Protein chains: 6
Amino acid sequence: MRRALFAGTFNPFTIGHADIVKRGLEIFDEVVIAIGENQDKPSADISERVEAIRTIYKDDARVRVAVYHSLTVDFAREIDACALLRGVRSMTDFEYERQLADANRALSGIETVALFTRPELSHVSSSLVRDLKKHGADVFAFVAH
Amino acid sequence: MRRALFAGTFNPFTIGHADIVKRGLEIFDEVVIAIGENQDKPSADISERVEAIRTIYKDDARVRVAVYHSLTVDFAREIDACALLRGVRSMTDFEYERQLADANRALSGIETVALFTRPELSHVSSSLVRDLKKHGADVFAFVAH
Amino acid sequence: MRRALFAGTFNPFTIGHADIVKRGLEIFDEVVIAIGENQDKPSADISERVEAIRTIYKDDARVRVAVYHSLTVDFAREIDACALLRGVRSMTDFEYERQLADANRALSGIETVALFTRPELSHVSSSLVRDLKKHGADVFAFVAH
Amino acid sequence: MRRALFAGTFNPFTIGHADIVKRGLEIFDEVVIAIGENQDKPSADISERVEAIRTIYKDDARVRVAVYHSLTVDFAREIDACALLRGVRSMTDFEYERQLADANRALSGIETVALFTRPELSHVSSSLVRDLKKHGADVFAFVAH
Amino acid sequence: MRRALFAGTFNPFTIGHADIVKRGLEIFDEVVIAIGENQDKPSADISERVEAIRTIYKDDARVRVAVYHSLTVDFAREIDACALLRGVRSMTDFEYERQLADANRALSGIETVALFTRPELSHVSSSLVRDLKKHGADVFAFVAH
Amino acid sequence: MRRALFAGTFNPFTIGHADIVKRGLEIFDEVVIAIGENQDKPSADISERVEAIRTIYKDDARVRVAVYHSLTVDFAREIDACALLRGVRSMTDFEYERQLADANRALSGIETVALFTRPELSHVSSSLVRDLKKHGADVFAFVAH
């Protein structure tokens, strides 16, 4: 049984994130979606975010949703994940993800599996959704349901 | 008559911005320079910035200067612009601009026209000018007049 | 009247190329699609390629198709184009296009207008189509008609 | 049982390739290393290359070595692979791999899994090894054994 | 005698920074490591940082450590440095460093010498170290001693 | 005395190359410009190229011009150079140069010093000059004299 950890802030969980989970399940037996909570600035709506994601996957036993407060690599070991799952949207993402993957490998030996975001979703990001919302735009089409 | 929207914060309006406007006028009949104002944190000096830019173009009827508070694509539709005009200074800019252009096309169908910044101006940015100013350096050569 | 030159080898003319022409016509009044012929190694099928493109645009008076043997900037001047139209698919393309645009501006002062390829078409290239063909794959969906 | 296809020319099979196979086996149950043979220019030494790779993995039942003549995606389907395994050494690689992955997904729906090359191996490539050999340098340390 | 200025915040001074200094000394006769202090938000621990770096180089007369409050190019002139020494870890770094180097050359004519970070150190950054520390991880291996 | 090796094909030696030599002399005491000759396909005009470069620097004792047939790092050791001098024009260049620098450091421990090409020269390359020449354009302004 191979389990992958898909960690992020998911604020909100977009159709891009959902696509990575779906495609991750073609490679791994189980995907754990986990929100890292910064204990210095706890987020009021974190349980809301968790609930929204749980609702999406309530009928899929291969997906679990969790919150964690430690280093990502420590949480991965705790849940016995064999790899970190990441979506790469752009070359700037690529560099960042690569340095993160190198650091995580150096810290704990864990592997990182990168999936290229589908091109038609590469402009969809949580920060775009938040920005649109602030201006009163309809974001239903960008958020996963 | 084809009108382009050149939106930004222009804090300040540099010789790089002025070059994009000049070159945009070889392609479009009219360019509207517009400063997006964030209503959550209104900027004290926004009318100063508008006045500075208006002074530069006071003799060119093809250029207008405006302030807007909506999504950029909504303002573009309001002023009947057929395209967003953007300057691309670097590959990092390119990625950002591409995602923005994809998002704007998805939201409203509007086209984005990218002009490559002249190489000899590619290091000129508003943030460079602000940084130099903070240290008391002379920034006259970088700001449009 | 503003005319743009869209130059390339178009071997073959893909749905990505057709998309750039369509979007270019929202900015320019006329687009001239032109195939540069290398006189050292003339291509047997160049008139076929020209005919295939002409067929696509036979009902659109805003599009013309031509062959040229000079420098691209010289041909642009000859047909009185105000800009070169280019599609940019990736960051590697971006760098190449930028250097080309800088060189062309240095040579003749002509402007280059870059449109970002739609993300869902960014993997479509003439070389991909040729490669698929060589292996007997069906390329109908990638070639413009 | 999840099988991945690791396709390439492997001329020669470097320590960078071997590292991708080793790490791929932490994610997949089986990895098929396959050399695509171009039927237009058949390569005299292809069976030598296959033998060299088979020798490396002769004691590992999870790795098989093959030659194929079709499109990579067709061969993947033939051997019932759920994903293409790729190593990404650099941002230029990333762009190329992304377009290839998009094209392969469009052609057959297959997934591509990218692993970032370990940084200390990112300068190792088959072309570097061939170049060093041509100049009489010792390449033992770069070739997998 | 050729002196280089290696300016940064060095919060903390990592093994990556130390590697650039060591390699810089193969090219320059002297390297001045200097921390730029932002007078608007003075940093309580700046003298601690300076002391930590001085301790590392206490036996190497070719390295000096300083604090400065002016523009980097002005400080370079003040200490009679012929070049700014920089480490480039990634393509995103490269773009930033290039614009900075162009700006600094435009301001004062000074040269910038970029050394590519050793690949096995390219994931080591001050912000990684700070992030690990915040989560209680052991960072001894990443900090220079 | 610090000597740098500036190796290339220099076909032709452009104003961009000349700028790197000039700036390299602000860092190194001596620069050796060297053309690597591929013994498999010897180039008829290599002595012409050497003569053209020698003429440019005939009055500067700090610059020497040579031809070599070995690995670049072996030639560097032979002439007692402490570093390889390189110009980096773009991010694509950067990646290539970085892999080359890593390979050369792994092979012989030699350092590589990268200077960012001046932006106003970043479109000037030997291949551009050759391409312009083929079309009968005047290339005087791009070639070093």
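Data block above holds the structure.
Reference entry: report on the structure contained in this document. (Residues numbered from 1 in each chain as written. Chains lettered and ligands numbered in written order. Predicted model: local features only at pLDDT ≥ 70, side-chain atom pairs only at ≥ 80, totals over all residues. Heavy atoms only, no water.)

## Focus: the overall build of chain A
Right, so step 1: Assigned secondary structure in chain A consists of 5 helices and 5 strands.
Right, so step 2: Moving toward the C terminus, one meets the helices and strands of chain A in the order β-α-β-α-β-α-β-α-β-α.
Right, so step 3: Taken over 145 residues, chain A has a buried fraction of 57%.
Right, so step 4: Long-range contacts, defined here as pairs at least 24 residues apart, represent 77% of the contacts in chain A between residues at least 6 apart.
Right, so step 5: In the structure as shown, chain A presents an accessible area of about 6,300 Å², 49% of it carried by carbon and sulfur atoms.
Right, so step 6: Counting 19 positive and 22 negative side-chain charges, chain A places the centres of these two groups 1 Å from one another. (Helix = DSSP H or I, 4+ residues; strand = E, 2+ residues; numbered from the N terminus. Buried < 20%, exposed > 50% of the residue type's maximum accessible area, 1.4 Å probe, protein only. Contact = heavy atoms within 4.5 Å. Areas by Shrake-Rupley, 256 points an atom, 1.4 Å probe, with all protein chains shown as cover. Lys, Arg positive; Asp, Glu negative; His and termini not counted. Charge placed at Lys NZ, Arg CZ, Asp CG, Glu CD.)

## Considering the relation of the copies chain E and chain A
Right, so step 1: Between chain E and chain A, which share one sequence, the superposing operator has a rotation angle of 120° and an axial displacement of 0.0 Å; the RMSD is 0.0 Å. The superposition of one copy onto the other is thereby described by a three-fold rotation axis. Identified as the residue of chain E closest to the rotation axis by C-alpha distance is E:T92, at 3.9 Å.
Right, so step 2: The share of interface residues of chain E whose copies in chain A are also at the interface is only 8%, consistent with the copies meeting through different surfaces. (Least-squares fit on C-alpha atoms with pLDDT ≥ 70 in both.)

## Comments concerning the interface of chain A and chain D
Right, so step 1: Taken together, the contacts link 30 residues of chain A with 30 residues of chain D.
Right, so step 2: Its largest share of buried area at the contact with chain D, chain A owes to A:M91, A:R98 and A:F116, together 26% of the area lost on that side.
Right, so step 3: The interface formed by chain A and chain D holds 4 salt bridges in total.
Right, so step 4: A salt bridge links D:R2 to A:D29, with the nearest nitrogen and oxygen atoms 2.8 Å apart. (Buried area = accessible area lost by both parts, 1.4 Å probe. Salt bridge = Lys/Arg side-chain N within 4 Å of Asp/Glu carboxyl O.)

## Considering the packing of aromatic side chains
Right, so step 1: What the rule picks out here adds up to 33 aromatic pairs over all chains.
Right, so step 2: Ring centres of D:F13 and D:Y57 lie 6.1 Å apart, and the angle between their planes is 90°; on these two criteria the pair is classed as edge-to-face. In this pair, D:F13 sits in the loop between β1 (3-8) and α1 (15-24) while D:Y57 sits in the loop between α2 (46-56) and β3 (63-68), placing the two residues 44 residues apart along the sequence.
Right, so step 3: A residue is classified by how much of its surface remains accessible, and D:F13, at 5% relative accessible area, is buried.
Right, so step 4: One aromatic cluster is present, built from ring pairs that chain together A:F6, A:F10, A:F13 and A:Y57. (Phe/Tyr/Trp six-rings, centres within 6.5 Å; stacked < 30°, edge-to-face > 60°.)

## Observations concerning the interface of chain E and chain A
Right, so step 1: Facing the 12 residues of chain E at the interface are 12 residues of chain A.
Right, so step 2: For the pair chain E and chain A, the summed buried area comes to about 1,000 Å², and 62% of that belongs to carbon and sulfur atoms.
Right, so step 3: Between chain E and chain A we count 0 salt bridges in total.
Right, so step 4: Linking chain E with chain A are 2 residue pairs in polar contact (both at pLDDT 80 or more).
Right, so step 5: Here the element with the most residues in the side of chain E that touches chain A is helix α5 (residues 126-134) of chain E; it accounts for 3 residues. (Polar contact = N/O pair within 3.5 Å; in protein donor to acceptor, adjacent residues only side chain to side chain.)

## Focus: the relation of the copies chain A and chain D
Right, so step 1: With an RMSD of 0.0 Å, the fit of chain A onto chain D corresponds to turning through 180° and sliding 0.0 Å along the axis. With respect to symmetry, the two chain copies, as superposed, fit the operation of a two-fold axis. In terms of proximity to the rotation axis, the leading residue of chain A is A:A114, whose C-alpha is 2.7 Å off the axis.
Right, so step 2: With an isologous cut-off of 70% or more, the 100% of interface residues of chain A that recur at the interface of chain D puts this contact in the isologous class.

## Here's the deal with the environment of B:M91
Right, so step 1: Relative to the assigned elements, B:M91 resides in helix α4 (residues 91-108).
Right, so step 2: For B:M91, a relative accessible area of 1% corresponds to the buried category.
Right, so step 3: Spatially, the C-alpha atom of B:M91 lies 23 Å from that of B:V143, the residues being 52 residues apart in sequence.
Right, so step 4: The contacts of B:M91, once residues within four sequence positions are left out, are C:M91, C:T92, C:F94, C:E95, E:E95 and F:M91.

## Description of helix α5 (residues 126-134) of chain F
Residue and element names in this part refer to chain F.
Right, so step 1: Of all the residues in α5, the buried ones are S126, L128, V129 and L132. Viewed along the axis of α5, the buried residues span an arc of 160°, placing them on a single side of the element.
Right, so step 2: Looking one or two residues beyond α5, the residue adopting positive phi is G136, at roughly 80°. (Arc of directions from axis to C-beta.)

## With respect to the pattern of salt bridges
One side chain can pair with another of opposite charge once the charged atoms of both are near each other.
Right, so step 1: As enumerated under the stated definition, the model contains 84 salt bridges over all chains in all.
Right, so step 2: Of the charged contacts, one joins C:E51 and C:R54 as a salt bridge, the two residues approaching to 3.3 Å between their closest N and O atoms. Remark: C:R54 and C:E51 occur in helix α2 (residues 46-56); sequence separation between them is 3 residues, near one turn of the helix.
Right, so step 3: Of the residues examined, C:R54 reaches a relative accessible area of 38% and is grouped as partly exposed.
Right, so step 4: Across the pair D:E30 and D:R64 runs a salt bridge, and its minimum N-O distance is 3.4 Å. On the criterion of sequence distance, the pair formed by D:E30 in strand β2 (residues 30-36) and D:R64 in strand β3 is long-range, its members being 34 residues apart.
Right, so step 5: On the accessibility criterion, D:E30 (13% relative accessible area) is buried.
Right, so step 6: Residue class for D:R64 comes out partly exposed when judged on its relative accessible area of 40%.
Right, so step 7: Where salt bridges share partners, they join A:D19, A:R23, A:R118 and D:E111 into one cluster.

## Structural notes on the side chain of E:R3
Residue and element names in this part refer to chain E.
Right, so step 1: With respect to the element layout, R3 can be found in strand β1 (residues 3-8).
Right, so step 2: Since its relative accessible area comes to 15%, R3 is described here as buried.
Right, so step 3: A distance of 3.2 Å separates a polar atom in the side chain of R3 from a polar atom in the side chain of E30.
Right, so step 4: Ignoring anything within four residues of it in the chain, the contact list for R3 reads E30, V32, R64, I79, D80, A81, C82 and A83.

## Looking at helix α1 (residues 15-24) of chain A
All names here are of chain A.
Right, so step 1: In terms of burial, α1 is a largely internal element, 8 of the 10 residues being buried.
Right, so step 2: Looking at α1, one finds that the buried residues are G16, H17, A18, D19, I20, V21, R23 and G24.
Right, so step 3: Where α1 begins, the capping side chain belongs to T14, and its oxygen is found 3.1 Å from the backbone nitrogen of G16.

## As for unusual backbone geometry
Right, so step 1: That bond from C:N11 to C:P12 is cis: its omega, 5°, falls within 30 degrees of zero.
Right, so step 2: As for its position among the elements, C:P12 is in the loop between β1 (3-8) and α1 (15-24).
Right, so step 3: Positive phi, normally seen in glycine, also occurs at A:D80, with a value near 60°.
Right, so step 4: Mapped onto the elements of the fold, A:D80 is located in the loop between α3 (72-78) and β4 (83-88).
Right, so step 5: What makes A:D80 exposed here is its relative accessible area of 59%.

## Considering the packing of helix α4 (residues 91-108) of chain A against helix α4 (residues 91-108) of chain D
Right, so step 1: Direction vectors running N to C along α4(A) and α4(D) enclose 120°, while the axes themselves pass 10 Å from each other. Classed by the angle they form, the pair α4(A) and α4(D) counts as oblique. Where α4(A) crosses over α4(D), the two elements pack in a sense that is right-handed. Between α4(A) and α4(D), the contacting residues are A:M91, A:T92, A:F94 and A:E95 on the first element and D:M91, D:T92, D:F94 and D:E95 on the second.
Right, so step 2: A breakdown of the residues in the contact of α4(A) with α4(D) according to their chemical character gives 4 nonpolar, 2 polar and 2 charged. (Axes fitted to C-alpha atoms, helices over the stretch in contact; angles between N-to-C directions. Parallel < 35°, antiparallel > 145°, perpendicular 65-115°, else oblique. Left-handed = near helix turned anticlockwise from the far one by under 90°. Nonpolar A, V, L, I, M, F, W, Y, C, P; charged D, E, K, R; others polar.)

## So, the arrangement of the chains
Right, so step 1: The two units chain B and chain D are non-contacting; their minimal C-alpha-C-alpha distance is 11 Å.
Right, so step 2: The two partners chain A and chain F share no contact, and the minimum distance between any of their C-alpha atoms is 11 Å.

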